[in-house]
Amino acid sequence: QMVMRHMPKVDAEFGALFADRSPQAACRALDLPVWLIGGTRSPRPALRVLDRLEELLPSAARVRLAGLGHMGPVEDPARVAAAIAPLATTRLAA
């Protein structure tokens, strides 16, 4: 809650997430590249969200960064950038 008070955007995103009533079929119908990047030390609920999105999004690419938590870009920005670079090159070339 303390974080939410200092980051109104986070609060707004959680509100939008929990208010969304889009059917799962809408996710399955998306035909666009999606990169799901998460640290293996992320909180279990965050990992479950990534698992579910990977199931629902047909064009999802999943990257698991061993040893990083939920704030991987803050913990190790160079490692996250290195993980994204090949995906960007591959997806943009297609």
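See above for the structure.
Everything numeric here is computed off the predicted structure, so don't read it as measured data.

A. The arrangement of the overall build of the chain in detail. Scanning the chain for helices and strands turns up six helices and two strands. Secondary structure elements of the chain, listed N to C terminal, follow the sequence α-α-α-β-α-β-α-α. When each of the 94 residues of the chain is scored for burial, the buried share is 22%. Once local pairs closer than 6 in sequence are excluded, the contacts in the chain between residues at least 24 apart make up 64%.

B. Expanded view of the environment of Asp20. For Asp20, the position within the fold is in the loop between helix H2 (8-19) and helix H3 (24-28). For Asp20, a relative accessible area of 44% puts it in the partly exposed group.

C. Expanded view of the pairing of strand E1 (residues 34-39). Where E1 and strand E2 (residues 60-65) come together, six bridges link them in parallel fashion. Across the sheet, residue Ile37 finds its bridge partner in E2, namely Val63. The handedness of the E1 to E2 crossover, carried by helix H4 (residues 44-56), is right-handed.

D. The arrangement of the nonpolar core in detail. Ala61, Val63, Leu65, Leu68, Val80, Ala83 and Leu87 form the largest nonpolar core, which has seven residues in total. Elements supplying a minimum of two residues to this core: E2 and helix H6 (77-93). In this structure Val80 touches Leu65, Leu68, Gly72 and Pro73, once residues within four positions along its chain are discounted.

E. Main features of H4. With 13 residues, H4 should cover 18 Å at 1.5 Å per step; its first-to-last C-alpha distance of 18 Å lies within 8% of that length. Looking at H4, one finds that the buried residues are Ala46, Leu50 and Leu56. Projected down its long axis, H4 carries its buried residues within an arc of 130°, all on one side. The exposed residues of H4 that point more than 90 degrees off its buried face are Arg44, Pro45, Arg48 and Glu55. Those residues of H4 that are buried are in contact with H3, E1 and E2.

F. Up close: a nonpolar patch on the surface. Judged by side-chain polarity, Phe14, Leu17 and Phe18 come together as a nonpolar surface patch covering roughly 340 Å² of accessible area. Its place among the elements puts Phe18 in helix H2.

G. Local environment of the environment of Arg62. Residue placement: Arg62 occurs in strand E2. In the structure, Arg62 is positioned 24 residues away from Gly38 in sequence and 8.1 Å away in space, judged by C-alpha atoms. With sequence-adjacent residues up to four places away left out, Arg62 is seen in contact with Leu36, Leu47, Leu50, Asp51 and Glu54. Of note is the side chain of Arg62, whose polar atom sits 3.0 Å from the side chain of Asp51. Reaching out from Arg62, the side chain makes a polar contact with the side chain of Glu54 at a distance of 2.9 Å.

Definitions and limits used
- Residues numbered from 1 in each chain as written.
- Predicted model: local features only at pLDDT ≥ 70, side-chain atom pairs only at ≥ 80, totals over all residues.
- Heavy atoms only, no water.
- Helix = DSSP H or I, 4+ residues; strand = E, 2+ residues; numbered from the N terminus.
- Buried < 20%, exposed > 50% of the residue type's maximum accessible area, 1.4 Å probe, protein only.
- Contact = heavy atoms within 4.5 Å.
- Pairing = 2+ DSSP bridges.
- Right-handed = clockwise from strand over helix to strand, strands pointing away.
- Core = buried A, V, L, I, M, F, W, Y, C linked by side-chain atoms within 4.5 Å.
- Expected span 1.5 Å × (residues − 1).
- Arc of directions from axis to C-beta.
- Patch = residues over 30% accessible without salt bridge, like charges linked within 9 Å, V, L, I, M, F, W, Y side chains within 5 Å.
- Areas by Shrake-Rupley, 256 points an atom, 1.4 Å probe, with all protein chains shown as cover.
- Salt bridge = Lys/Arg side-chain N within 4 Å of Asp/Glu carboxyl O.
- Polar contact = N/O pair within 3.5 Å; in protein donor to acceptor, adjacent residues only side chain to side chain.

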